[in-house]
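Each chain, letter by letter, is given below.
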Amino acid sequence: MRLRNRVWKIGLLAGWMWPLLLHAQLKNEDCWTCHSDTTLTKKKGDKEISLFAPAEPFQKSVHGSLDCVTCHADIREVPHSDTLQPVECQTCHSEAFEQYRGSVHGRSIAGGSADAARCADCHGKHDILPVKDPGSRVYPLNLPRTCAQCHGDPELMRRHRIKPENAYQLYMDSIHGQILQRSGLLVAAVCSNCHGSHDIRSREEPTSRVNPTNLPDTCGACHAAIAPQFKASVHGALLQVRRGVPSCNDCHTAHSISQATEPGYQLGVIRECGQCHQEYLRSYRDTYHGKVTALGYTTVAKCFNCHTAHQILPASDPRSSVHLSNLVRTCGECHSQANARFVQYYPHPRRTGPKPHPVLRYTYLFMEGLLYSVLTFFGLHTVLWFQRSIRERRAAGTRDEAASEPGSGEDRGTS
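Residues numbered from 1 in each chain as written. Predicted model: local features only at pLDDT ≥ 70, side-chain atom pairs only at ≥ 80, totals over all residues. Heavy atoms only, no water.

Got a sec to walk through the overall build of the protein? Specific residues and values, please.
Helices and strands together make up the secondary structure of the protein, namely 23 helices and two strands. In summary, the protein has a C-alpha radius of gyration of 39 Å against a globular reference of 22 Å for 415 residues, an excess of more than 25%. With 415 residues in all, the protein has 23% of them scored as buried. For the protein, restricting intrachain contacts to residue pairs at least 6 apart in sequence, the fraction spanning at least 24 positions comes to 44%. (Helix = DSSP H or I, 4+ residues; strand = E, 2+ residues; numbered from the N terminus. Rg over C-alpha atoms; globule rule 2.2 N^0.38 Å. Buried < 20%, exposed > 50% of the residue type's maximum accessible area, 1.4 Å probe, protein only. Contact = heavy atoms within 4.5 Å.)

So what's going on with helix 2 (residues 28-35)? Residues and values would help.
Regarding helix 2, the residues found buried are N28, C31 and W32. All buried residues of helix 2 lie within an arc of 95° about the axis, which places them on one face of the element. Across from the buried face of helix 2, at angles greater than 90 degrees, the exposed residues are E29 and T33. Packing partners of the buried residues in helix 2 comprise helix 3 (55-60) and helix 4 (68-71). (Arc of directions from axis to C-beta.)

Pulling in residues and values, what's your account of the packing of aromatic side chains?
On inspection of all chains with the given rule, the structure shows three aromatic pairs. With centroids separated by 6.3 Å and ring planes inclined at 35°, the aromatic side chains of F97 and Y100 adopt a geometry described as tilted. Placement of the pair is F97 and Y100 together in helix 5 (residues 94-101), with a separation of three residues, close to one helical turn. With a relative accessible area of 13%, Y100 lands in the buried category. We note R388 situated over the ring of W385; from NZ or CZ to the ring centre the distance is 5.9 Å. (Phe/Tyr/Trp six-rings, centres within 6.5 Å; stacked < 30°, edge-to-face > 60°. Lys NZ or Arg CZ within 6 Å of the ring centre and 35° of its normal.)

Requested: an account of the environment of V241, with residues and values cited.
With respect to the helices, strands and loops of the structure, V241 is situated in the loop between helix 15 (234-239) and helix 16 (248-252). Judged by its relative accessible area of 65%, V241 is exposed. Distance from V241 to T213, taken between C-alpha atoms, is 9.1 Å for residues 28 residues apart in sequence.

Can you lay out helix 11 (residues 175-183) for me, pointing to particular residues and giving the numbers?
Count 3.6 residues to each turn of an α-helix, and residues three or four apart come out pointing the same way. Of all the positions in helix 11, only I175, H176, G177 and L180 are classed as buried. Of the surrounding secondary structure, the elements contacted by the buried residues of helix 11 are helix 8 (143-151) and helix 10 (167-173). Looking one or two residues beyond helix 11, the residue adopting positive phi is G184, at roughly 65°.

Describe unusual backbone geometry, and please don't skip the residues or the numbers.
At the junction of V78 and P79, the peptide bond is cis and its omega measures out at 0° in the coordinates. Its location among the elements puts P79 in the loop between helix 4 and helix 5. A cis amide bond links K163 with the next residue in sequence, P164, at an omega value of -5°. Inspection of the secondary structure assignment puts P164 in the loop between helix 9 (154-159) and helix 10.

Talk me through the pattern of salt bridges; I want residue IDs and the actual numbers.
Opposite charge on two side chains lets them pair, provided their charged atoms get close. What the rule picks out here adds up to 16 salt bridges. Across the pair E204 and R243 runs a salt bridge whose closest N-O atoms are separated by 3.6 Å. With E204 in the loop between helix 12 (191-195) and helix 13 (215-220) and R243 in the loop between helix 15 and helix 16, this pair connects stretches of sequence that are 39 residues apart. Overall, the relative accessible area of 48% leaves E204 in the partly exposed class. When its relative accessible area of 70% is taken as the criterion, R243 is described as exposed. Of the charged contacts, one joins D317 and R319 as a salt bridge, the two residues approaching to 3.0 Å between their closest N and O atoms. One network of salt bridges, with partners in common, ties together R107, R201 and E205. (Salt bridge = Lys/Arg side-chain N within 4 Å of Asp/Glu carboxyl O.)

How would you explain the pairing of strand 2 (residues 47-50) if you had to name every residue and give the values?
Two strands pair when backbone bridges link them, and strand 1 (residues 41-44) and strand 2 are joined in this way by four bridges, in the antiparallel orientation. Bridge pairing links T41 to S50 in strand 2. (Pairing = 2+ DSSP bridges.)

Just give me the short version of a nonpolar patch on the surface, but keep the residues and values in it.
Taken together, the side chains of F366, M367, L370, V374, F377 and F378 define a hydrophobic patch exposed on the protein surface, amounting to about 620 Å² of accessible area. Within the fold, F366 resides in helix 22 (residues 358-403). Given a relative accessible area of 55%, F366 falls into the exposed group. (Patch = residues over 30% accessible without salt bridge, like charges linked within 9 Å, V, L, I, M, F, W, Y side chains within 5 Å. Areas by Shrake-Rupley, 256 points an atom, 1.4 Å probe, with all protein chains shown as cover.)

Give a description of the packing of helix 17 (residues 263-276) against helix 18 (residues 278-285) that names residues and reports values.
Orientation of helix 17 relative to helix 18, taken along the N-to-C sense of each, is 135°, at an axis distance of 5 Å. Regarding the angle of helix 17 to helix 18, the classification is oblique. Counting all contacts with helix 17, which are made through I270, R271, G274, Q275 and C276, the residues of helix 18 involved are Q278, L281, Y284 and R285. Along the lines of polarity and charge, the residues of the contact of helix 17 with helix 18 split into four nonpolar, three polar and two charged. (Axes fitted to C-alpha atoms, helices over the stretch in contact; angles between N-to-C directions. Parallel < 35°, antiparallel > 145°, perpendicular 65-115°, else oblique. Nonpolar A, V, L, I, M, F, W, Y, C, P; charged D, E, K, R; others polar.)

Kindly report on a positive patch on the surface, identifying the contributing residues and their values.
Residues K42, K44, K47, R118 and K125 make up a contiguous surface patch of positive charge. Note that K125 resides in the loop between helix 7 (119-123) and helix 8. (Lys, Arg positive; Asp, Glu negative; His and termini not counted. Charge placed at Lys NZ, Arg CZ, Asp CG, Glu CD.)

I'd love a proper account of the environment of V245, names of residues and values included.
Along the polypeptide, V245 turns up in the loop between helix 15 and helix 16. The buried category is assigned to V245, whose relative accessible area is 7%. Between the C-alpha atom of V245 and that of H235, which follows or precedes it by 10 residues, the distance is 6.4 Å.

Rendered as structure tokens:
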């Protein structure tokens, strides 16, 4: 009885170990016997797929110490079947896979999309390198090009209704892309810094890094001094309680971020402020500052020169740059002779609408009335003068005709 039990256990153990023994018999060299052939291909639908998998890139990869059958677990013999199960990266990378499965890419794959990015699309197949290796597809200098395989294809983006359709080119033209491309600085933000690596989510999702509510923290990972300023501002406070409040991308855009010192950006941000503060934009345009910036000059005060760029506070807040107690200092940044009388200047003069400034309103009405009166008077004067000139020309013509008729006094005198 004991002997029978031992035989049964040994047989059971052999049954479990047999596949492993078969795997152990398959060496990588066995695989490269075929897969080192550059002409090795197979048909998949209408496509001809290369099965070339050279030894050297694999040996230098992060998986170089593993056997091929570690990933291709359903291969039992050589030659093997043409239909193999997809490699399951989650066997080893379970945490990253769980994040990926909940991402926009993972959900698209689960929904049957054939276009969504899989592990190999970003990391490669047999030549996967560590993220810190300059040759890696996900190395910061290379990551934008990797993402551009999809997000640089306008046709693919249109097919899936993804905007912007040219995110890659917008990014490469931005200050982040220029720093990365021209200077090679790894501190420049790349796709994963903003969107995440494996857990990429739509901006509409509350947990997304690029959701407007979360953007201050996302951008603040690099712009550490700016994030607390914005969070303390009126925009930052409102952003936590309601939608539609400006976040980082509303002023700086998402991908085509410009250097804040560029004239084009400084003039453009005035229009951006005006998207929400339309009445203030109209009143600003009526001032000397507004008229000069409308001509394309940046040498005068713009919105952020007075209100600051990020820590914007109500005028009633003593910490605000436009609080009455701080106005002399704020205006003094441009006007060194500024004093208490100087800051009585109206930066947003309201001559009409609710609560207009009385002096401006009556001055405006007087000047407008004077202008219309002068134009009306001289317009009428011009019309009457024109009519009189026509009559006089007609009368002069009649006299000339009468003088030139035969038998006139002029003719008789001559005869």
